[in-house]
Amino acid sequence: MKLSTSLLVLTSLTASTLARVIGGKPNQFIQPYKREVLQDIVTWDEHTIFVNGERVLFLSGEFHPFRLPVPSLWLDVLQKIKALGFNGVSIYIDWALLEGKSGSFEAEGVFALEPFFEAAKAAGIYLIARPGPYINAEVSGGGFPGWLQRVPGRLRTRDESFLNATENYVKSISEIVAKAQITNGGPVILLQPENEYTSADETVVPEFPDAVYFEYIQEQYRNAGIVVPFISNDARPAGYFTPGSPGGVDIYGYDGYPLGFDCANPYTWPDGNLPTDRNTLHEQQSPNTPHSVLEFQGGSFDPWGGLGFDQCSELLNHEFERVFYKNNYGFGITLLNIYMIFGGTNWGNLGHPGGYTSYDYGSVIRETRVIDREKYSELKLQANFLQVSPAYWTAEAQNGTNGSFTDTNALHVTALLGNVTNFYVIRHSAYNSLDSTNYKFTAPTSAGNLTIPQLNNTLTLNGRDSKFHVTDYDVGEYNLLYSTAEIFSWKKYDSKTVLVVYGGPGEQHEAAFTGVDASLVEGSGVNIAKKGDATVLNWPVSTSRKIVKVGEDLYVYILDRNSAYNYWVTDDIILKAGYLIRNATVDADSLSIVGDVNATSTLEVIGGAPSKLTTLTFNGESVAFNQSSLGVVSSSLSYSAPELDLPDLSSLTWKYFDTVPELSNTYSDEAWTSASLDFTYNSHRNLTTPTSLYSSDYGYHYGVLLYRGHFTATGEESTLFITAQGGSASGFTVWVNSTFVGSWAGADYANNGNVTFNLPSLTSGSNYVITVVLDTTGLDENWTVGEEEMKTPRGVISYTLSGHSSQSDVAWKLTGNLGGEDYIDHTRGPLNEGGLAAERAGYHLPGAPTDSWNDVVGGPLAGLDKPGVAFYATTVDLDIPSGWDVPLSFVFGNSSSTTGSNGTSAVYRAQLWVNGWQYGKYVHNVGPQDSFPVPEGIWDYQGSNYVAVALWALEEAGAKLESFTLEAGTPVKSGYGPVTVVEGETWSKREGVY
Ligand code: GAL
């Protein structure tokens, strides 16, 4: 554990800075730095950023390292992003995971960022760092640690106690990020302070948007050594904190989620959801910075009771990318970050209550790291095109109009005009139209105004599609006079130039080259004709490839879009291959390719191979090949899936531990925390109990919370009313002594349960104890400044025991994870453990002393015949051949046949641990998630794994899992490199366990 030794320094720094900003008036802005003197590596003009003087079209994807706690898999994801044609990644950093106790910042093990920075460098990826301190991100508290519930100052405002609370984190994280800035040879080129500082309840924060606060956050970063430019992410293009304005950043950016977050109707695109005014707004708001979008919708989050991420990936699919992303390009956006590109997992209680364990997000790369969604391939086509089209980077975006450049008002065209090359983005005027519309395209070219197609037929735009047409586009020494087919990539080599174009099914396309002849060298069906000085090619799209030789040495590969999906571009090579190409290296006469296959695949290097290839390797192994006279290399990559012998969980012997020992009459809660505070530190909600029962007042914030209420019976008790609050889908069960009195099953719509339980008759004068076991689902975010939602307390928030005139008759104790903010397991961080007895004792950790526990064949499949929480543990041996990336998931059977005691679907929930890492929370009666991927590295794929399940039956009838299996996805033969099993604390007897 690394304790901050710099608190004293911080305090004096804070005091001096605060003196300048607290109560500051707008004319008291400090101009804290001059960018020019800080660094000159990352610069910008009105078109793009530059790195080391070179223009960079920054195409980036959002990836949160903390949602994949296996550092040796980071390179895999980064390479998959790079292979899209992207050169950037944006990372959030989650304060809650790094400062579980105020003043103790720790970023080691899986939380260390240095290995991520190294992986980004290795992958050739630049980074935007987004350390918050507020991040939203569907994480618990929006990134705020639980202890902030006790800070009186208003969150995300200039209130001194809030600002003070951020100092240690911002200073500590900045030191780490600062070292990784490009100025120090690292990959970080930009930093985003705060997050979507755009919405507030202005009745309580009248100074909003508060430039004093926004400036303060930036100054914190500057003071701590951040020199790269600041970029912002307004939640919408509101124009807050534009460069030069009070509190302004260096580069203004905004976010956009045009289809929202409800995946209920994945085929419905509501009228009016396509942004149309972004170019105008950009010119008004920040004309001197590159048009930047820090978060553009790449998928959607999904709440408890939601529809599941497959449906979200349908809504935000490849067609969405075509229409919405190309609409973005039409605004001349040159800095674009897709949120999320890889979502990952809300393991170890890190999520907010509005989401469940999976954070797949329906994004381009699945939670399992599999890239079989069509949206991956579509994005690859788009990104590669833009990266080889420097004319786009500086083109002037025009405002689009219906009916311009075509012969129909049904289409809308946006022009981007360059010095020579022009780009035209075509879509349906009714952006959501499902029609196929025929049209002719008329545009100025170096050969005059042309109406295209010139040869025959008509162009067609299919429904939910959008296209780039180009004119006078530079392909090495060739002038592509125009093309209605879209460009995937091109490259000029010593001996030839290669251009790859594609079109969609049922389309006719036309392209023309200036001043050269052309001939068909492969395939058929291309009409080639002269028009003036140009040679025109016209063809119907078909699945059989055509190659046209143009002039001396330009080879135009004409593909259908689905075939184009199989092409890849590396730094030097253009090739056709299967599932994934990570990189290719030419060394004299040999070519080494690294990639992945999930089926036997053709490999064809169409550009960039040595002219006389002697050795071809794929993932280090030599493969046979042929080379044509044109230098094209052909080979086949063989694939044959390994036999996987996954254990049958139902026939394993599981060890059983009753994890509610509190119900025994010999149980002592002496060591529990007394809920004795007669006030709360929480400034957001007044107490409605005699003493505070808010868990955060006592340092417990995550996972299961337990309460014990001791009282002496009057004999008049008939009911117990309880409100317990754990967030959406939270649930609780209540006992009096060992007698079950009832449960709140939980529901997606409810943050808390209000239940009146009937009590058994109690004996006057006897002592009783109420036990409440409450499952919580995370702390709320704090999106709207002033609402203080993050401070929404967790725990029992009100109760009434009938037959007692004073509720002070009940003396409460509580617990959560052992140690609270002095948490025990520093390898898995402050959130991984909750308060179940098994967790308090560390029984979820490998090496737990299970020998003395009873055996239960099938464990959670045998289940409970009464309410309670049972903890089952077993060993799962895996023997997955190395070099095979095999997605493994636990699948909970969810048949509707099982009914609970009241005739409804049985009410139970479960938590899952693999080798000590909490990797799933399943709520049978809420859903939707029933498949829980767990990555290699959390698993040991070639060894023994300690797997535990806590099954919680909330009803009289008890519960059992109907089926519970370990399932494998398609094995991928992968060039991802060795995966190291992450090191986590193993079990040892814990001091003071109760
Ligand atoms: C944005 C926010 C992100 C994330 C996203 C939705 O408003 O900046 O952190 O919450 O919405 O997934």
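Residues numbered from 1 in each chain as written. Predicted model: local features only at pLDDT ≥ 70, side-chain atom pairs only at ≥ 80, totals over all residues. Heavy atoms only, no water.

Under an unreviewed UniProt entry, the protein chain has the name Beta-galactosidase and belongs to Phyllosticta citribraziliensis. Under the heading Sequence similarities (unreviewed entry), UniProt records this for the protein chain: "Belongs to the glycosyl hydrolase 35 family." (UniProt positions renumbered as here; feature names shortened; annotations may be inferred.)

A. Representation of the side chain of Thr874 within the structure. Turning to its location among the elements, Thr874 is positioned in strand 49 (residues 868-877). Looking at Thr874, its side chain comes within polar contact range of the main-chain oxygen of Thr653, at 2.9 Å. (Helix = DSSP H or I, 4+ residues; strand = E, 2+ residues; numbered from the N terminus. Polar contact = N/O pair within 3.5 Å; in protein donor to acceptor, adjacent residues only side chain to side chain.)

B. Looking closely at the site of the ligand. Residues in close proximity to the ligand total 16 residues, the closest being Asn136, Ala137, Glu138, Glu196 and Tyr361. Residue Asn195 places a side-chain N or O atom 2.9 Å away from an oxygen atom belonging to the ligand. Within the side chain of Tyr361, one N or O atom sits 2.5 Å away from an oxygen atom of the ligand. Computed on the free molecule, the ligand has an accessible area of 310 Å², of which 95% lies beneath the protein chains in the complex. Counted by class, the shell around the ligand contains ten nonpolar, two polar and four charged residues. (Near = heavy atom within 4 Å. Areas by Shrake-Rupley, 256 points an atom, 1.4 Å probe, with all protein chains shown as cover. Nonpolar A, V, L, I, M, F, W, Y, C, P; charged D, E, K, R; others polar.)

C. Main features of the sheet that holds strand 1 (residues 42-44). Read from one edge of the open sheet, three strands run 1-2-3, paired in antiparallel fashion. Looking at the sheet topology across the chains shown, the edges are occupied by strand 1 and strand 3 (54-56). Pairs of neighbouring strands in the sheet enclose a mean axial angle of 40 degrees, with direction left out of account. Strand direction decides the pairing type here: strand 1 and strand 2 (residues 49-51), joined by three bridges, are antiparallel. Bridged to Trp44 within strand 2 is Ile49. (Pairing = 2+ DSSP bridges. Axes fitted to C-alpha atoms, helices over the stretch in contact; angles between N-to-C directions.)

D. Examining the UniProt feature "domain: Beta-galactosidase" (unreviewed entry) in the protein chain more closely. With numbering aligned to this structure, UniProt lists the feature "domain: Beta-galactosidase" (unreviewed entry) at residues 392-567. For the annotated span residues 392-567, helix accounts for 4% and strand for 57% of the residues, and the straight-line distance between the end C-alpha atoms is 22 Å.

E. Focus on the layout of surface pockets. In this structure, the largest pocket occupies an estimated 860 Å³ of space. Lining the largest pocket are 33 residues, and of these Lys82, Gly85, Gln387, Thr570 and Asp571 lie nearest its centre. Secondary structure elements with two or more residues in the lining of the largest pocket: strand 3, helix 3 (74-82), helix 5 (114-123), helix 11 (374-387), helix 12 (390-394), strand 21 (486-492) and strand 31 (580-587). Ranked by the residues each element gives to the lining of the largest pocket, the list is headed by strand 31, at four residues. The volume enclosed by the second largest pocket comes to roughly 600 Å³. (1 Å grid on protein atoms, 1.4 Å probe; cavity = no way out; pocket = protein on both sides within 12 Å on 5 of 7 lines; lining within 4 Å. Points joined across faces, edges and corners; volume = space filled by probe spheres on them.)

F. Quick peek at empty space enclosed by the protein. Under the definition given, this model contains 15 cavities of 30 Å³ or more. Considering only enclosed or pocket space, the largest cavity measures out at about 160 Å³ in volume. Forming the boundary of the largest cavity are 15 residues, of which Asn346, Asn349, Gly351, Thr777 and Lys921 lie nearest the centre. Partitioned by chemical class, the residues of the lining of the largest cavity number three nonpolar, eleven polar and one charged. If you count residues domain by domain, the lining of the largest cavity takes at least three from each of domain 1 (11-371) and domain 4 (661-815). (Domains from an automatic or database assignment.)

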